[in-house]
Amino acid sequence: SLSHQVVVVGGGTAGTTVAASLLRQRPELDVAVVEPSEVHYYQPAFTLVGGGTYDMDSTRRAQKETLPETATWIHAGVASFEPNSNLITLEDGRQVQYEHLVVAPGIKLDWDRVDGLREALGSNGVCSNYSPETAPYTWECLRQFRGGNAIFTQPPPPLKCAGAPQKIAYLAADHLRRNNLAPESNLQFYSGAGALFSVPDFVPHLQKVMDRYGIGVNLGHDLVAVDAERKVARFATTDSNGERTEIEQPYDLLHVTPHQTAPDFVKQSPLANADGWVDVDKGTTQHTRYPNVFSLGDASSLPTSKTAAAVRKQAPVTVRNLLARMDGQALSAQYDGYTSCPLVTAYGKVMLAEFMYDGVVTPTLPLSPFSESRFYWVVKKHLLPPFYWNQMLRGKEPDIAHKPLKS
Ligand code: FAD
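### Points about the packing of aromatic side chains
Logical step 1: Tallied over the entire structure, the rule returns twelve aromatic pairs.
Logical step 2: A ring pair is formed by Phe197 and Phe355, whose centres lie 6.0 Å apart and whose planes are at 85°; its orientation type is edge-to-face. Of this pair, Phe197 sits in the loop between strand E12 (185-191) and helix H7 (203-213) while Phe355 sits in strand E21 (residues 349-355); the two residues are 158 residues apart in sequence, bridging distant segments of the chain.
Logical step 3: The class for Phe197 is buried, based on a relative accessible area of 7%.

Take a look at the structure:
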């Protein structure tokens, strides 16, 4: 049977960063990464692909180029965890033994939660930036749109990059404005959440962007069905008497953000908390019941907004604490909840929301976090992708503490 000192489940943003950083600091470590996919995607650029301003090919790299050279790549998916025996079982039945385990398989996109969505997706105006197969089709839909109803949906939490569902609405609105199609277009944003954004400080500024474009904001509306034949989207909502009602809205373009949940094999494992996430300490990223298990990224219970930017700050903490534990020392590194969301508000403009646990705003640079900045657009489109591939995924990112915004 297979056996490794450190086994990392998932070779996405978090798993690759942690594996690379461990091997950079301790080249003699025996690290294996279990990853079924041949390809690593830079998902934050999917928004720009859908907006027609980024090449899909530039979002992907071969897994064997992105995984650290000296790690063992186990090219398979994990089926189950047996943490009491320090074992994982692969989908092909093989078992892998570990001394330490890092769990980072990301979040599950639950396309089947919405009736008719899987069949509708990818044709007749139904698109989504959330998967690499469908993000290019978003741009095709926008280019072909000649006025009518454009609907943008967001599921109730949890979801990764909670700003992405509205970013594409802003790019679409800006595109239509530039092509003089805005007067013939009715843009509506439907969200299953109760607010436009989870951090209250940003809400009035984002509402202003919605108002500027004339995008209708419908909160507390959860997409339940897509009828591709009639081109109608059905939403569930709770009326003023507290009763659940359903409404139907015709669409010409429908951008869907799918419902999201913890991956099934995580949910069903002894590692999960009641909500299905890998149950870790919010500071150390160590498992609450299995001390040789750590988790970070979208699959973890870390109570922050799920982004690659958050992983960038979580990974150095996980690595420092894992090495401390191997050395028999106390875990001293603490994650502060840092996350960030570059809210694309137009072609050439980004409002960079950076915050920590409890929604405390924490800008890295001395610029107003609430302004729509050309500089942050350049950061998002041109600086972050090479930073991601060449620094972060190589485990070169240092551990820098953030400070709250003084108001
Ligand atoms: P992932 O990077 O998704 O990696 C999970 C890995 O686990 C994958 O490689 C997968 O193949 C693998 N895996 C799956 N199942 C198994 C299994 N059974 N066994 C083993 N491995 C498995 N973040 C930002 O910071 N800024 C943004 O602007 C931004 N925009 C986004 C826009 C969109 C449209 C999307 C979809 C995401 C965006 N994100 C953004 C979010 C960001 O991409 C994720 O939060 C980040 O990639 C999470 O890292 P992760 O390692 O937890 O998961």
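### Side note on the sheet that holds strand E11 (residues 148-154)
Logical step 1: One open sheet accounts for five strands, arranged E10-E17-E11-E12-E13; its pairing is parallel. At either margin of the open sheet sits one strand with a lone partner, and together these are strand E10 (126-127) and strand E13 (216-218).
Logical step 2: Direction of pairing for E11 relative to E12: parallel, over a ladder of seven bridges. What sits directly across from Phe152, in E12, is Phe189.

### Some details on the state of the cysteines
Logical step 1: Under the defined criterion, the tally for this structure stands at zero disulfides.
Logical step 2: A disulfide-free cysteine, Cys161 has its sulfur positioned 4.0 Å from the sulfur of Cys341, the nearest such atom.

### A few points about the pattern of salt bridges
Logical step 1: In this structure the tally under the stated criterion is 15 salt bridges.
Logical step 2: Between Arg178 and Asp174 there is a salt bridge; the shortest N-O distance is 3.2 Å. Of this pair, Arg178 and Asp174 are both found in helix H6 (residues 164-178), four residues apart, which corresponds to roughly one turn of the helix.
Logical step 3: Among the residues examined, Arg178 registers a relative accessible area of 49% and is labelled partly exposed.
Logical step 4: In this structure, Arg234 and Glu248 form a salt bridge, with 3.5 Å as the shortest nitrogen-oxygen distance. Placement of Arg234 in strand E15 (residues 232-238) and of Glu248 in strand E16 (residues 244-250) is noted, with a sequence separation of 14 residues between them.

### Focus on the nonpolar core
Logical step 1: In terms of nonpolar packing, the biggest core is built from 102 residues, with Phe81, Ile88, Leu101, Phe152, Phe197 and Ile215 touching the most fellow members.
Logical step 2: When residues no more than four places from it in sequence are discounted, the contact partners of Ile215 are Ala169, Tyr170, Ala173, Leu187, Gln188, Phe189 and Met210.
Logical step 3: Core analysis: the next-biggest nonpolar cluster, separate from the first, contains 19 residues, Leu109, Trp111, Leu121 and Ala233 among them.

### Focus: the side chain of Thr16
Logical step 1: One can find Thr16 in helix H1 (residues 13-25).
Logical step 2: For Thr16, a relative accessible area of 0% corresponds to the buried category.
Logical step 3: Of note is the side chain of Thr16, whose polar atom sits 2.8 Å from the backbone oxygen of Gly12.

### Describing the domain arrangement of the protein
Logical step 1: Domain parsing of the protein yields domain 1 (2-107 + 262-336 + 383-390) and domain 2 (110-259).
Logical step 2: Of note, the centres of domain 1 and domain 2, computed from C-alpha atoms alone, are 31 Å apart.
Logical step 3: Taken together, the contact between domain 1 and domain 2 spans 14 residues of the former and 17 residues of the latter.
Logical step 4: Across the contact surface, domain 1 and domain 2 share zero salt bridges.
Logical step 5: Summed over the shared surface of domain 1 and domain 2, the result is three residue pairs in polar contact (both at pLDDT 80 or more).
Logical step 6: Class assignment of the residues belonging to the side of domain 1 that touches domain 2 gives a composition of six nonpolar, six polar and two charged.

Basis of the calculations
Residues numbered from 1 in each chain as written. Predicted model: local features only at pLDDT ≥ 70, side-chain atom pairs only at ≥ 80, totals over all residues. Heavy atoms only, no water. Phe/Tyr/Trp six-rings, centres within 6.5 Å; stacked < 30°, edge-to-face > 60°. Helix = DSSP H or I, 4+ residues; strand = E, 2+ residues; numbered from the N terminus. Buried < 20%, exposed > 50% of the residue type's maximum accessible area, 1.4 Å probe, protein only. Pairing = 2+ DSSP bridges. Disulfide = S-S within 2.5 Å. Salt bridge = Lys/Arg side-chain N within 4 Å of Asp/Glu carboxyl O. Core = buried A, V, L, I, M, F, W, Y, C linked by side-chain atoms within 4.5 Å. Contact = heavy atoms within 4.5 Å. Polar contact = N/O pair within 3.5 Å; in protein donor to acceptor, adjacent residues only side chain to side chain. Domains from an automatic or database assignment. Nonpolar A, V, L, I, M, F, W, Y, C, P; charged D, E, K, R; others polar.

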